[in-house]
Amino acid sequence: MEDLLNVEIKQSDYSSEISAQRKFFQSGATKSYQFRIRQLDKLYKVISENEKLILEAVKKDLNKSVFEGFFGDVALILHEISFVKKHLSKWMKPEAVRTPITHFGSSCKIFHEPYGVNLIISPWNYPFQLSFIPLIGAIAGGNTAVVKPSELSPNSSALIARLIKETFSNEYVICIEGGIEVSNALLNKQFDHIFFTGSVPVGKIVMEAASKNLTPVTLELGGKSPTIIDSSANIKLAARRVAWGKFFNAGQTCVAPDYLYVHKSIENEFLSTLKDEIIKLYTNNALNFSDYAHIINVRHFSRLKSLLNGPSVYFGGRTDENTLAFEPTILTNVSKDHPVMKEEIFGPILPVLSFDSIEEVIAEINKNPKPLALYLFTENKSVKEKIIKNIPFGGGSINDTLFHLATPHLPFGGVGSSGHGSYHGIHSFKCFTHEKSVLSQTTKFDLSVRYHTTRGALNIIRMLFK
Ligand code: NAD
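Note that this is a predicted model, so its numbers are computed, not measured.

Chemist: Report on the pattern of salt bridges, specifying residues and quantitative values.
Modeler: Under the criterion given, the structure shown has 20 salt bridges. Linking K52 and E56 is a salt bridge whose minimum nitrogen-to-oxygen distance equals 3.5 Å. Of this pair, K52 and E56 both sit in helix α4 (residues 51-62), 4 residues apart, roughly one helical turn. Given a relative accessible area of 64%, K52 falls into the exposed group. Under the relative-accessibility criterion, E56 is labelled partly exposed at 34%. Here K436 makes a salt bridge to E113, at a shortest N to O gap of 2.5 Å. Residue K436 is located in strand β18 (residues 433-440), and its partner E113 is located in strand β2 (residues 107-114); the two are separated by 323 residues in the primary sequence.

Chemist: Break down the pairing of strand β8 (residues 226-229) for me, with residues and values.
Modeler: Of the two faces of β8, the one carrying P226 and I228 and the one carrying T227 and I229 are both buried. Judged from the 4 bridges that link them, β8 and strand β9 (residues 259-263) form a sheet pairing that is parallel. Bridge pairing in β9 links I229 to V262. Regarding the hand of the β-α-β motif, the stretch spanning β8, helix α10 (residues 235-247) and β9 is right-handed. The sheet contact formed by β8 and strand β15 (residues 373-377) spans 3 bridges and is parallel. Paired with I228 across the two strands is L376, which belongs to β15.

Chemist: Describe the sheet that holds strand β6 (residues 193-197), and please don't skip the residues or the numbers.
Modeler: Two orientations exist for strands paired in a sheet by backbone hydrogen bonds: parallel and antiparallel. With mixed pairing, 6 strands are arranged side by side in an open sheet as β5-β4-β3-β6-β7-β17. Both edges of this open sheet fall to β5 (173-175) and β17 (419-420), since each of them pairs with a single strand only. Across the sheet, helix α7 (residues 154-167) lies against β4 (144-148) and β5, angled at about 155 degrees from β5, the strand it touches most. Contacting β6, β7 (217-220) and β17, helix α9 (residues 200-213) crosses the sheet at an angle of about 180 degrees to β7.

Chemist: Please give an account of the site of the ligand that cites residues and values.
Modeler: The ligand sits among 27 residues. The nearest are K148, E151, S199, L221 and E344. The side chain of E151 places a nitrogen or oxygen atom 2.6 Å from an oxygen atom of the ligand. Within the side chain of E344, a nitrogen or oxygen atom sits 2.5 Å from an oxygen atom of the ligand. Summarising the interface, the protein chains cover 92% of the accessible area of the ligand, which totals 840 Å² for the free molecule. With 3 residues, helix α8 (residues 180-187) is the single largest residue contributor to the shell around the ligand. Of the residues that constitute the shell around the ligand, the class distribution is 14 nonpolar, 9 polar and 4 charged. When residues of the shell around the ligand are assigned to domains, at least three map to each of domain 1 (2-221 + 417-438) and domain 2 (226-413).

Chemist: Quick one: what's the story with the packing of helix α5 (residues 66-92) against helix α6 (residues 129-141), residue by residue and with numbers?
Modeler: At a minimum axis separation of 9 Å, α5 and α6 run at an interaxial angle of 10 degrees. Compared by their axis directions, α5 and α6 come out roughly parallel. Residues G72, D73, L76, I77, E80, I81, V84 and L88 of α5 pack against Q129, F132, I133, I136 and A140 of α6. Its residues assigned to classes, the contact of α5 with α6 shows 9 nonpolar, 2 polar and 2 charged.

Chemist: An account of the confidence of the model for the protein chain is needed here, citing residue identities and associated values.
Modeler: Per-residue pLDDT for the protein chain has a mean of 96; in total, 98% of the residues score no lower than 70. Predicted confidence is poor over residues 1-9, with pLDDT under 50, and the contacts of this stretch with residues over four places away or in other chains come to 1 contact.

Chemist: Before we move on, can you summarise the nonpolar core with the specific residues and values?
Modeler: Grouped together as the largest cluster of nonpolar side chains are 108 residues, with contacts concentrated most on L43, F128, L135, I228, F270 and L274. The element contributing the most residues to this core is α5, with 9 residues. Discounting chain neighbours no more than four positions away, the residues touching F270 are I229, I235, A238, A239, V242, L260 and V262. In this structure, I18, V182, L186 and L221 belong to the second largest nonpolar core, which totals 20 residues.

Chemist: Help me get a handle on the pairing of β7, residues and values and all.
Modeler: Alternating positions in β7 separate into two faces, V217 and L219 on one and T218 and E220 on the other, with burial throughout. As judged from the 4 bridges shared by β6 and β7, these two strands associate in the parallel manner. Across the sheet, the residue bridging to F195 is T218, located in β7. With α9 bridging β6 and the parallel β7, this β-α-β connection has right-handed handedness.

Chemist: Summarise unusual backbone geometry; cite the residues concerned and give the values.
Modeler: The backbone of N63 sits at a positive phi, close to 55 degrees, despite the residue not being glycine. Structurally, N63 can be placed in the loop between α4 and α5. Here N63 falls in the buried class, since its relative accessible area comes to 14%. The phi dihedral of F346 falls on the positive side, at around 50 degrees, and the residue is not glycine. Along the polypeptide, F346 turns up in the loop between β13 (329-332) and β14 (349-355).

Parameters and conventions
Residues numbered from 1 in each chain as written. Predicted model: local features only at pLDDT ≥ 70, side-chain atom pairs only at ≥ 80, totals over all residues. Heavy atoms only, no water. Salt bridge = Lys/Arg side-chain N within 4 Å of Asp/Glu carboxyl O. Helix = DSSP H or I, 4+ residues; strand = E, 2+ residues; numbered from the N terminus. Buried < 20%, exposed > 50% of the residue type's maximum accessible area, 1.4 Å probe, protein only. Pairing = 2+ DSSP bridges. Right-handed = clockwise from strand over helix to strand, strands pointing away. Contact = heavy atoms within 4.5 Å. Axes fitted to C-alpha atoms, helices over the stretch in contact; angles between N-to-C directions. Near = heavy atom within 4 Å. Polar contact = N/O pair within 3.5 Å; in protein donor to acceptor, adjacent residues only side chain to side chain. Areas by Shrake-Rupley, 256 points an atom, 1.4 Å probe, with all protein chains shown as cover. Nonpolar A, V, L, I, M, F, W, Y, C, P; charged D, E, K, R; others polar. Domains from an automatic or database assignment. Parallel < 35°, antiparallel > 145°, perpendicular 65-115°, else oblique. pLDDT = per-residue confidence, 0-100. Core = buried A, V, L, I, M, F, W, Y, C linked by side-chain atoms within 4.5 Å.

Written out as structure tokens, the structure reads:
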């Protein structure tokens with residue numbers, strides 16, 4: 001009976017689920033401050049009470065350690081809920097803005113209006129964080145949401161669906177599990193906003209589908225994020241923070257350092273320090289180290305293995321196809337035309353290039369699509385300013401990796417082909433609401449200058465609007 005029911009749901013085009021959400025949204029139920037706070041409280045409770053199951057699910061899907069699972073998939077969600085709850089009443093208030101002299105007698109306000117019914121499509125690498133942090137934004141904005149997690153992390157997807165079902169009514173938040181077909185069926189429906197996290201090619205499919213209904217989209221995509229180690233860098237700290245940011249979740253992080261540019265004068269010292277730091281974090285035998293994540297599936301494992309053909313393996317390179325473990329690997333002698341420098345790596349392979357001048361690095365990076373993240377290690381203020389001023393990128397850290405995404409005060413998102421729109425903190429609230437501009441005019445008087453029938457009106461308009 002349950003199977004029959006599942007088949008029926010799978011064959012549905014989700015019209016009834018979406019119309020139920022539209023009806024619920026239009027009833028106004030999701031809009032009050034109290035309702036939104038109650039839902040955020042419920043979400044906080046269900047995530048904290050199910051921490052153990054979440055950690056088990058990401059262990060099964062990706063062999064994530066308790067530390068990486070908690071940090072990447074639980075802590076950030078809880079912190080985001082607490083932050084949003086603290087500020088929501090202020091964010092929700094209509095914002096009064098100034099009125100120019102030309103509009104004498106009127107007042108202007110911006111109202112933060114929920115979009116309505118949202119579609120959230122998420123990837124497999126941080127399955128909980130990347131489904132629930134956008135959902136927090138949708139709830140805070142006063143919306144309803146359909147969440148479609150990735151089929152490639154099945155244990156996490158099943159648990160996300162269960163937690164959502166236990167916490168919310170379907171007409172408010174529903175999780176619809178499935179792969180590309182389900183995703184496409186949903187994309188063919190009319191939503192008020194689509195929030196997509198995933199790869200650049202699928203981002204294009206999402207944008208094309210959204211264009212049919214002119215649905216606003218937020219795209220959180222990927223790409224190749226460069227890391228620059230300047231000659232002035234603190235080598236030990238840089239090596240440790242690169243090793244941490246690159247090999248966390250076995251490199252399967254959208255903002256992981258994709259490749260390194262190291263100044264020629266420190267290349268040898270940096271490489272040997274990096275090797276030492278990797279061993280400190282993951283031992284000399286990461287393949288059998290229980291706290292090191294594995295590759296999500298055979299397809300990605302084989303894709304990554306093929307990237308080892310050509311360059312020299314400076315460190316690592318061993319793999320285990322039974323467990324899908326892939327050693328932290330450093331590549332040197334890398335040609336810029338090699339596939340490892342052409343596609344997003346999204347795994348524990350770190351190609352290292354060297355450079356002489358920072359201008360050369362800027363020119364090289366700017367030949368490629370605008371990256372999602374950029375990292376620079378330097379003690380030199382002018383190098384820092386030069387990089388920030390001359391390379392467009394979504395966001396980044398100076399003398400660190402990944403950390404810019406873990407603060408709710410900074411907007412997180414890409415630019416150009418690494419994505420559009422941003423979220424986290426107030427930026428999530430803005431991402432899931434429309435800024436509705438309203439001018440309220442006085443009825444106490446009526447300035448006649450706007451009417452063409454008034455003598456001399458044109459001259460006054462010319463004077464006022466210059
Ligand atoms: P993906 O694009 O293959 O899949 C993401 C989602 O889209 C999944 O739910 C999947 O079911 C769905 N999907 C896949 N193919 C589809 C298709 N043809 N039509 C419609 N829907 C489809 O991405 P992934 O492999 O799950 O994740 C890895 C990518 O995501 C990397 O490029 C990474 O950089 C990026 N990413 C970005 C961020 C960010 O915040 N910017 C975070 C994590 C991952």
